Amino acid sequence: MEPCAKPEPVREFIPYGRQSVDADDLAAVAAVLQSDWLTTGPLVEKFEYEFSKWTGAVHSVAVSSGTAALHAAVFAAGIGPGDEVIVPAITFAATANSVEYQGGKAVFADVDPDTLLIDPEDAERRITPRTKAIITVDFAGQPCDYSAFFSLARKRGLTFIADACHSLGAEYKGKKTGTLADLTAFSFHPVKHITTGEGGMISTGSSELAARMRRFRNHGISTDHRQRAGRKMWEYEMTELGYNYRITDFQCALGISQLKKLNSWLVRRNEIARFYHASFSGSPIMPLELLPEIRHAYHLYVLRLGPDIGKADRREVFLRLHEMGIGANVHYIPLHYHPYYRDKYGLKRGDYPAAEAAYERILSIPIFPGMSDEDCGSVVDAVFRATDLARSGRRPCWKK
Ligand SMILES: *Cc1c(COP(=O)(O)O)cnc(C)c1O
């Protein structure tokens, strides 16, 4: 019997993304843990200030997660029952869920097959008299066509919300994300560009919307604990229904410390991407296409496997990569495939052809600033080996 095709494992498992935390980060967090304010203290404002300074945003409001940031943005946009919000068909579920939290309806628009960015023309076709806002996603870290969405939003009287959870530090025509839409949401989950464990931020040019989101993250109450302590008063008013979406001071200390390294991390992410691009060029493995006039933030590096790699073979490639110690992943399952959205809105296969076709072939390979050049080489070798093995049809070792 022919021996099974046993891939050589790499030395250590390489996940698709991971955080970098150094001694300065640890010291910053430890100092806050020994201070008077663990939460709702001075570092929340300081993090917001430093974040705005970094992106050029006018106001930034820190919250407990990227999902809370999106929810706050949808709340600030005034979305309620009966309102429709356009969302790309292929993104993390939280983008659409934020609309549903407010009783609104997430209406999916198809994406461009080569970039997986929401298609402005399909988005426009989905606008109805009930549409109140549009949420774009800077897929993998590449900014969407902000000019097109900004003019579409102004023309049709919609709020433009950018889900920039993939694109902190990315630039569109020389301007950073956070300054390009009415409201922009960021995430500080450990796989994102900077981390606070869990955490998020919303940037906006409107002081009115910023104030609304500050109340929203604190139960809808108009003052916070520290403000009342400072004014020697106990009275407060709850004016709207909010949540506890506060972020702690020690998380903000970590965020401030991480922000100092963000630029060098973006440079490294772009270096790794250039290496991958060069390595796969001329092969049947195709990276996503790049647009002109952008700086990519490379939260993800997404490959499209060649047309010869079918549905079943993509799973083989995925499993073989894991066996070789490479944490490949798939971003994302189209939202209308999830039972919640499929059943609630009666959606079916065929409704979003570009998102569906892309989903069959995409694979995210590791990209994060802590990867060594050797790690990057191991990833490329493993991808070629795994795709060759999948094509050859040789029996993998884990199959009896
Ligand atoms: C990570 C992410 C979120 C949610 O962020 P959390 O901090 O995990 O809540 C939302 N949208 C997109 C596109 C994301 O990648």
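Reading guide: rules and limits
- Residues numbered from 1 in each chain as written.
- Predicted model: local features only at pLDDT ≥ 70, side-chain atom pairs only at ≥ 80, totals over all residues.
- Heavy atoms only, no water.
- Helix = DSSP H or I, 4+ residues; strand = E, 2+ residues; numbered from the N terminus.
- Rg over C-alpha atoms; globule rule 2.2 N^0.38 Å.
- Buried < 20%, exposed > 50% of the residue type's maximum accessible area, 1.4 Å probe, protein only.
- Contact = heavy atoms within 4.5 Å.
- Pairing = 2+ DSSP bridges.
- Salt bridge = Lys/Arg side-chain N within 4 Å of Asp/Glu carboxyl O.
- Near = heavy atom within 4 Å.
- Polar contact = N/O pair within 3.5 Å; in protein donor to acceptor, adjacent residues only side chain to side chain.
- Areas by Shrake-Rupley, 256 points an atom, 1.4 Å probe, with all protein chains shown as cover.
- Axes fitted to C-alpha atoms, helices over the stretch in contact; angles between N-to-C directions.
- Parallel < 35°, antiparallel > 145°, perpendicular 65-115°, else oblique.
- Left-handed = near helix turned anticlockwise from the far one by under 90°.
- Core = buried A, V, L, I, M, F, W, Y, C linked by side-chain atoms within 4.5 Å.
- Domains from an automatic or database assignment.
- 1 Å grid on protein atoms, 1.4 Å probe; cavity = no way out; pocket = protein on both sides within 12 Å on 5 of 7 lines; lining within 4 Å.
- Points joined across faces, edges and corners; volume = space filled by probe spheres on them.
- Nonpolar A, V, L, I, M, F, W, Y, C, P; charged D, E, K, R; others polar.

**Re the overall build of the protein chain**
So, step 1. A count of helical and extended segments in the protein chain gives 14 helices and 13 strands.
So, step 2. Scaling as 2.2 N^0.38, a compact globule of 400 residues should have a C-alpha radius of gyration of about 21 Å, and the protein chain matches this with 22 Å.
So, step 3. Evaluated residue by residue, the protein chain yields a buried proportion of 55% over its 400 residues.
So, step 4. By sequence separation, contacts in the protein chain at least 24 residues apart represent 73% of the contacts at least 6 residues apart.

**Topic: the pairing of strand S13 (residues 362-365)**
Regular strands place their side chains on alternate faces of the sheet.
So, step 1. Of the two faces of S13, the one lined by Ile362 and Ser364 and the one lined by Leu363 and Ile365 are each fully buried.
So, step 2. Alignment of strand S12 (residues 301-304) against S13, held across four bridges, turns out to be antiparallel. Directly across from Leu303, in S13, lies its bridge partner Leu363.

**Quick notes on the pattern of salt bridges**
So, step 1. Counting across every chain of the model gives 26 salt bridges.
So, step 2. A salt bridge links Glu50 to Lys46; the shortest N-O distance between them is 3.9 Å. Here the residue Glu50 and the residue Lys46 both occupy positions in helix H2 (residues 42-55), the gap between them amounting to four residues, near one helical turn.
So, step 3. A relative accessible area of 39% means that Lys46 is categorised as partly exposed.
So, step 4. Between Lys132 and Asp83 there is a salt bridge, with its nearest N and O atoms 2.7 Å apart. Of the two residues, Lys132 sits in strand S4 (residues 131-137) while Asp83 sits in the loop between helix H3 (66-76) and strand S2 (84-88), which places them 49 residues apart along the sequence.
So, step 5. The exposure class assigned to Lys132 is partly exposed, which follows from its relative accessible area of 37%.
So, step 6. Through salt bridges that share partners, Asp22, Asp25 and Lys261 make up one connected network.

**Side note on the site of the ligand**
So, step 1. If you check the shell around the ligand, you find 15 residues, and the closest are Gly66, Thr67, Asp163, Ser187 and Lys192.
So, step 2. Thr67 places a polar side-chain atom, nitrogen or oxygen, 2.5 Å from an oxygen atom of the ligand.
So, step 3. Here His166 contributes a side-chain N or O atom positioned 2.9 Å from an oxygen atom of the ligand.
So, step 4. If the ligand stood free it would expose 390 Å²; the protein chains cover 92% of that surface.
So, step 5. When residues of the shell around the ligand are assigned to their parent elements, the largest contribution, three residues, is made by H3.

**A short note on the packing of H2 against helix H9 (residues 249-259)**
The description of two packed helices rests on the angle between their axes and on the distance between the axes.
So, step 1. In the contact formed by H2 and H9, the axes pass within 8 Å of each other and the chain directions differ by 25°. As summarised for this structure, H2 and H9 are arranged roughly parallel, according to the angle between their axes. Along this stretch, H2 crosses H9, giving a crossing that reads as left-handed. Each of Pro42, Leu43, Val44, Lys46, Phe47, Glu50, Phe51 and Trp54 in H2 lies in contact with H9, whose residues at this interface are Asp249, Cys252, Ala253, Gly255, Ile256 and Leu259.

**Here we look at the pairing of strand S1 (residues 59-63)**
So, step 1. Burial within S1 is extensive, with four of its five residues counted as buried.
So, step 2. Here five bridges tie S1 to strand S9 (residues 200-204), and the two strands are oriented antiparallel to one another. When the sheet's bridge partners are listed, Ala62 is paired in S9 with Met201.

**Digging into the nonpolar core**
So, step 1. Val87, Phe108 and Ile202 are the most contacted members of the largest nonpolar core, which has 70 residues in total.
So, step 2. With eight residues, the top contributor of residues to this core is H3.
So, step 3. Per-domain counts for this core show at least three residues from each of domain 1 (23-259) and domain 2 (262-392).
So, step 4. Those residues within four positions of Val87 in sequence are excluded, and the remaining contacts are Thr95, Ala96, Val99, Ala106, Val107, Phe108, Ala109, Ile118, Ile135 and Leu335.
So, step 5. In terms of nonpolar packing, the next biggest core, distinct from the first, is built from 28 residues, Ile272, Tyr276, Val317 and Ile365 among them.

**Quick look at the sheet that holds strand S10 (residues 286-287)**
So, step 1. With respect to topology, three strands assemble into an open sheet ordered S10-S12-S13, the strand pairing being antiparallel. What marks the edges here is a single partner per strand, and that holds for S10 and S13.
So, step 2. In the sheet, S10 pairs with S12 via two bridges, with the strands oriented antiparallel. The residue bridging Pro287 from the neighbouring strand is Leu303, located in S12.
So, step 3. With respect to the sheet, helix H13 (residues 353-361) is in contact with S10, S12 and S13, its orientation differing from that of S13 by roughly 55°.

**Some details on empty space enclosed by the protein**
So, step 1. Evaluated as defined, the whole model comprises two cavities of 30 Å³ or more.
So, step 2. Lining the largest cavity are 14 residues, with Ala140, Leu288, Leu290, His296 and Tyr298 positioned closest to its centre.
So, step 3. A class-by-class count of the residues in the lining of the largest cavity yields nine nonpolar, four polar and one charged.
So, step 4. Mapping the lining of the largest cavity onto the domain boundaries places at least three of its residues in each of domain 1 (23-259) and domain 2 (262-392).
So, step 5. Volume-wise, the second largest cavity comes out at about 50 Å³.
So, step 6. Together, Arg18, Gln19, Ser20, Pro190, Lys192, His193, Ile194, Thr195, Gln258, Trp265, Arg269 and Pro369 line the second largest cavity.

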